[in-house]
Amino acid sequence: FFFFFFIYLFDFFYFYYNLFFIYYDFFLFNTLYDFIEINFQTSTSNFNFVEFIALQKNIYVVPNESHLIFFRMYNSVNYEITGISIYSVYPNDYLLFFNKIQCFCFEELLLYSYESIDLPVIFYISNDILNHLDFFYTNKLYLSYLFLAK
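Residues numbered from 1 in each chain as written. Predicted model: local features only at pLDDT ≥ 70, side-chain atom pairs only at ≥ 80, totals over all residues. Heavy atoms only, no water.

Draft legend 1. Molecular detail of the overall build of the protein chain. The helix and strand inventory of the protein chain stands at one helix and nine strands. Counted from the first residue to the last, the protein chain has its helices and strands arranged as α-β-β-β-β-β-β-β-β-β. Sequence-distant contacts in the protein chain: of pairs separated by 6 or more residues, those separated by 24 or more amount to 75%. As displayed, the protein chain has an accessible area near 10,000 Å², and 61% of this comes from carbon and sulfur atoms. (Helix = DSSP H or I, 4+ residues; strand = E, 2+ residues; numbered from the N terminus. Contact = heavy atoms within 4.5 Å. Areas by Shrake-Rupley, 256 points an atom, 1.4 Å probe, with all protein chains shown as cover.)

This is how it looks when you write it as structure tokens:
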């Protein structure tokens, strides 16, 4: 009799023990999101008459998959413009997980008069972002580029 009672007690506690840790693991260690929303922002310095836009405003990505995004620059004046582009990622903590494979930033760009160029960026987000504490609260990442004319 005690043997069956012990088995019944064990099954009862084992069931609630598992429920507790499933709840604990899901809400404290796993994230609510399986994807990341990346918003693209562009800007130019001063009044250099360069139109700089992202061809897509935002995309949804899955970690550890490479993605391709294009930016477009257009020189709307009658003279050549040279400059470089710099990028930033917000929130700053996510910069550790943002990996660029190919990018046009930190390279000198020459735009002839009335020229339009498409600039590719290939990147991926590391899977470690899913374990990051701040990722539990938001799944948005902002990638902004600034074109600095010389």
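Draft legend 2. Quick look at unusual backbone geometry. The amide bond that connects Tyr 90 to the next residue, Pro 91, takes the cis arrangement and shows omega of 0 degrees. Within the fold, Pro 91 resides in the loop between β5 (81–90) and β6 (98–102). Phi angles above zero are rare outside glycine, and Asn 64 is one such case at about 70 degrees. By secondary structure assignment, the location of Asn 64 is in the loop between β3 (58–61) and β4 (67–75). Here Tyr 114, not a glycine, exhibits a phi torsion of approximately 55 degrees, which is positive. The topology assignment puts Tyr 114 in the loop between β7 (109–111) and β8 (116–125). For Tyr 114, a relative accessible area of 48% puts it in the partly exposed group. (Buried < 20%, exposed > 50% of the residue type's maximum accessible area, 1.4 Å probe, protein only.)

Draft legend 3. Just the pattern of salt bridges, in detail. A full pass over the atoms with the stated rule returns three salt bridges. The partner of Lys 150 in a salt bridge is Glu 108, and the shortest N-O contact between them spans 2.8 Å. Linking Lys 150 in the segment after β9 (140–149) with Glu 108 in the loop between β6 and β7, this pair joins segments that are 42 residues apart in sequence. Overall, the relative accessible area of 68% leaves Lys 150 in the exposed class. (Salt bridge = Lys/Arg side-chain N within 4 Å of Asp/Glu carboxyl O.)

Draft legend 4. Region of interest: a nonpolar patch on the surface. A cluster of nonpolar residues, Ile 53, Leu 55, Leu 68 and Phe 70, forms a patch on the protein surface that exposes about 330 Å² of accessible area. Along the chain, Leu 68 turns up in strand β4. (Patch = residues over 30% accessible without salt bridge, like charges linked within 9 Å, V, L, I, M, F, W, Y side chains within 5 Å.)

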